[in-house]
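What the coordinates show
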Amino acid sequence: MSDLLAHLNAPQLAAVTLPAQHALILAGAGSGKTRVLTTRIAWLISTGQVGPQGILAVTFTNKAAKEMQSRLAAMLPINTRGMWIGTFHGLCNRLLRAHYREAGLPAQFQILDAADQLAAIKRLLKNLNVDDQKFPPRELMHFINAHKEQGLRAAQAEAYDAFTSRRVELYTEYEAQCRREGVVDFAELLLRSYELLQRNEPLCQHYQARFRHILVDEFQDTNRLQYAWLKLLAGRGSVIPESSAACLFAVGDDDQSIYAFRGAEIGNMRDLQREFALPNVIRLEQNYRSHGNILDAANALIQQNRGRLGKKLWTEAGAGEPIRVFEAYSDVDEARFIVEELSELVREGVGRHQIALLYRSNAQSRVLEHHLFTQGIPYRVHGGLRFFDRQEIKHALAYLRLIANPDDDTAFTRVVNFPTRGIGGRSIEALQDAAQQTNSSLYNAAASLAGKAGSAVARFVRLIETLRSETRDLPLPVVIDQLIDKSGLRQHYLADKEGQDRLENLDELINAATAFLHEESGSPSDSSSDGEVAPDGGPLASFLAHASLEAGEHQAGEGEEAVQLMTVHAAKGLEFDVVFITGLEQGLFPHENAAQERDGLEEERRLMYVALTRARRRLYLSHAQTRLLHGQTRYCLPSSFLEELPATLLRRINRGGGQVSARPTGSPGGEAQTAVGGLRIGQNVRHARFGAGVIVATEGSGSEARVQVNFGAGGMKWLALKYARLTPA
DNA sequence: GAAGACCCGATTTTT
DNA sequence: TCGGGTCTTC
């Protein structure tokens, strides 16, 4: 055990060995947060304060959950597989599988991922003859999810106008459709299990008594429902919990809260402090990742935000190099510079995978990719299509879902005519009508309507029936193999000259099922350990849940020695020796849309803070005077965030090395521009009220002359030269 | 049922 | 400008 606590710094040690009470740990970037979390669990267990079954550890991503589990397994001589360590969604799924009856769900309930949910909503709107121009499916989906994340059912939703009242009706219809089909979406997993615990007092008390210690990672990212769920399980109380309540150990960093747009409530941190009457907050401020200059810059930047819990990162490592700032003429010039610079670093021996190119929005990756590609530098873009999102995988899984649950209309619609088997729009509409008449599923309608044994619909029904009966007792991988065969998927992709990759992916799916079974058999099921959890829907249902909840590794080329490209959001939690933060321009980063949002600029600043703190040794900040956006050249001002960094930490760098990149003649746009009233496009100007800006366009001449100026945060303005007092800056 | 025309929108995203 | 999504046509 002394080993366990060795090498912890004082605050880390304090957090790990905190007596049984609620706590909030403010863990800065690179401060050893995961270490504290896992060591805390190991310490609690190894000192006999709690058994492994008394721990509930919650994360947001599967990656974090796995990491916690494997680190724990290395620290403790116990099987961590059966422990309740997982994502909010994974744990809720587990709860609902165990108590599906009490939760009012079928044993084989399926989970809709975002794409399935959207498809389900589109189908709903079609069935109800709702104009999807007036009620865009995506918007409705967001409406429904946002309500669920607030813990609101349709009945509780506020219908403040006619439009919203209709949306609430559609929310109701959507709930009914999900119930009919035996499916739950992601938000439903949480809401349903919250309601289960809230309404079923004995069950709730059972879990409250079981989980003595609840540990939450990335607490700043919790939404209202997730916080309510935690409070319910912890049985809210005072500092020393009553015997019936668990200890809530929340770890988070308000400065790294960057997911407000998907419902994260930064206010949950203060609420936690207040509602659980936390006497103090433990701060982990010593950073083990970055050099001093980088931390000083990050500290200075984030200090501009108001209402922080407050925290200042420091390091024992030296100041390190200055932060390099580069101003490019254009986005292309910026990419050129970055690629040149990183090529030099690679020549000096920096591993390519230790270099990250960060950007605010995905569209920015193109120029970078183009230059990397032409220079023959291997790179990997994070955030692409994931394994279980691929169409061929979704098709195969849809067959599997139909076998498990014939009422799943989403699955039915996906594969009824894929591969094509002559069931066109007419047949499907007929089925939909019939299904609506009898208030049953499409599959049922198909089965009863398929009188003519020879019809395509009848053949499809027979296919599913055959698959179901013939594969009942076969192991999952064999089932999948047969289904790929008999459904005609294999044949279809075999015939497709570009189907090779897809066939390989289908084989990979079979492998995934094999691997899944192996892992499953390695973990003792709950029913055997304490008898409280009823058996779930079998390996088929749990594999399908696994496929929905875990989208799979990102994409091929995983292990390759490649430069890493990703959005700043995607970079959270990662670290690299060298980081390039690109596109630091007003309107891009901070993003112009953020100006409209409540506390938008502060969220952008936190995003910048996250970006800065990814770097271990070297940090580049770049911006361009000109950028191609939506097919048009935009003239850009440097990001205001650059000014918020202490100049002493920065070093402006001039265009590197050998070839002189020709400065575009005339304006940055290239073409010679007509000067209007002595002003030209691309010129920096100053306005008495709006401040500094760049001229973006001109119009008219003489006393009619107008110029469009990008004032960055101040927005884009057309000004008549006659009235506006613009001075060259 | 597949290929081509056409229109619209365009931060960030895990589960 | 580009890509996705829908609509149109053979």
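Residues numbered from 1 in each chain as written. Chains lettered and ligands numbered in written order. Predicted model: local features only at pLDDT ≥ 70, side-chain atom pairs only at ≥ 80, totals over all residues. Heavy atoms only, no water.

1. Some points on a negative patch on the surface
A cluster of acidic side chains, namely Asp501, Glu504, Asp507 and Glu508, defines a negative patch on the protein surface. Structurally, Glu508 can be placed in helix α23 (residues 500–522). (Patch = residues over 30% accessible without salt bridge, like charges linked within 9 Å, V, L, I, M, F, W, Y side chains within 5 Å. Areas by Shrake-Rupley, 256 points an atom, 1.4 Å probe, with all protein chains shown as cover. Salt bridge = Lys/Arg side-chain N within 4 Å of Asp/Glu carboxyl O. Lys, Arg positive; Asp, Glu negative; His and termini not counted. Charge placed at Lys NZ, Arg CZ, Asp CG, Glu CD. Helix = DSSP H or I, 4+ residues; strand = E, 2+ residues; numbered from the N terminus.)

2. Things to note about the nonpolar core
Counting residues in each nonpolar core, the largest one holds 49 residues, and the members touching the most others are Leu397, Leu400, Phe412, Phe460, Ile480, Leu509 and Phe543. In terms of residues, this core owes the most to one element, helix α16 (residues 391–404), which gives 9 residues. Not counting chain neighbours up to four residues away, the residues in contact with Ile480 comprise Leu400, Leu509, Ile510, Ala513 and Phe543. Judged by nonpolar contacts, the second largest core, of 48 residues, contains Ile214, Leu225, Ala228 and Leu272. (Core = buried A, V, L, I, M, F, W, Y, C linked by side-chain atoms within 4.5 Å. Buried < 20%, exposed > 50% of the residue type's maximum accessible area, 1.4 Å probe, protein only. Contact = heavy atoms within 4.5 Å.)

3. So, the pattern of salt bridges
A side chain of one charge can pair with a side chain of the opposite charge if their charged atoms are brought near each other. Scanning the model with the defined rule gives 49 salt bridges in all. The shortest N-O distance in the salt bridge between Glu139 and Arg167 comes to 2.4 Å. Placement of the pair is Glu139 in helix α7 (residues 137–149) and Arg167 in helix α8 (residues 162–181), with a sequence separation of 28 residues. Between Arg199 and Glu195 there is a salt bridge, and its shortest N-O distance comes to 3.8 Å. You can see Arg199 and its partner Glu195 sitting in helix α9 (residues 186–199), 4 residues apart, about one turn around the helix. Judged by relative accessible area, Arg199 falls into the exposed class, the value being 64%.

4. A short note on the sheet that holds strand β9 (residues 323–328)
On the basis of which strands lie adjacent, the open sheet formed by 7 strands has the order β11-β12-β10-β13-β14-β9-β17 and parallel pairing. Edge positions in the sheet fall to β11 (379–381) and β17 (650–652), since each of these pairs with one other strand and no more. Here the strands of the sheet are splayed against their neighbours by 25 degrees on average, with no regard to which way each runs. Examined bridge by bridge, β9 and β17 share 3 bridges and lie parallel to one another. Bridged to Val325 within β17 is Arg652. Docked against the sheet, helix α13 (residues 292–302) engages β9 and β14 (615–624), running at close to 55 degrees with respect to β14. (Pairing = 2+ DSSP bridges. Axes fitted to C-alpha atoms, helices over the stretch in contact; angles between N-to-C directions.)

5. What about the protein's contact with DNA strand B?
Around DNA strand B, the surrounding shell holds 26 residues, and the nearest of these are Asn62, Arg360, Asn362, Thr567 and Glu597. Residue His89 places a side-chain N or O atom 3.3 Å away from a base oxygen belonging to DNA strand B. Here a sugar or linking oxygen of DNA strand B and a side-chain polar atom of Arg262 are 3.4 Å apart. In the surface near DNA strand B, the residues fall into 7 nonpolar, 14 polar and 5 charged. (Near = heavy atom within 4 Å. Polar contact = N/O pair within 3.5 Å; in protein donor to acceptor, adjacent residues only side chain to side chain. Nonpolar A, V, L, I, M, F, W, Y, C, P; charged D, E, K, R; others polar.)

6. Some words on unusual backbone geometry
Put simply, Phe418 and Pro419 share a cis peptide bond, and its omega is -5 degrees. Tracing the backbone through its elements, the reader meets Pro419 in the loop between α17 (409–415) and α18 (425–438). Despite not being glycine, Ala277 has its phi angle at roughly 45 degrees, a positive value. By relative accessible area, Ala277 is classed as partly exposed at 41%. Phi is positive for His630, close to 55 degrees, though the residue is something other than glycine. The topology assignment puts His630 in the loop between β15 (626–629) and β16 (632–635). Overall, His630 belongs to the exposed group, its relative accessible area being 76%.

7. Topic: the protein's contact with DNA strand C
In the vicinity of DNA strand C, the contacting residues are Lys122, Arg366, His630 and Gly631. Protein-proximal atoms of DNA strand C, defined as those within 4 Å of the protein, fall in sugar or phosphate at a share of 65%. Within the side chain of Arg366, one N or O atom sits 2.4 Å away from a phosphate oxygen of DNA strand C.

8. Looking at the UniProt feature "binding site: ATP" (unreviewed entry) in chain A
Under the feature "binding site: ATP" (unreviewed entry), the UniProt entry names Ala27, Gly28, Ala29, Gly30, Ser31, Gly32, Lys33 and Thr34. Tracing the chain through its elements places Gly28 in the loop between β1 (23–27) and α3 (33–46). With a relative accessible area of 4%, Gly28 lands in the buried category. Examined against the element boundaries, Ser31 turns out to sit in the loop between β1 and α3. Apart from residues no more than four positions distant in its own chain, Ser31 is found in contact with Gln12, Leu284, Gln286 and Tyr288. (UniProt positions renumbered as here; feature names shortened; annotations may be inferred.)

9. Regarding helix α15 (residues 365–374)
Given 3.6 residues to a turn, an α-helix orients residues that are three or four positions apart in the same direction. Turning to α15, its buried residues number three or more, namely Ser365, Leu368, His371 and Leu372. Looking straight down α15, one finds its buried side chains confined to an arc of 135 degrees; they lie on one side. Exposed residues pointing more than 90 degrees away from the buried face of α15 are listed as Arg366 and Phe373. Buried residues in α15 make contact with α14 (331–347), β10 (355–359), β11 and β12 (563–567). Immediately downstream of α15, the backbone of Gly376 shows phi near 70 degrees, a positive value. (Arc of directions from axis to C-beta.)

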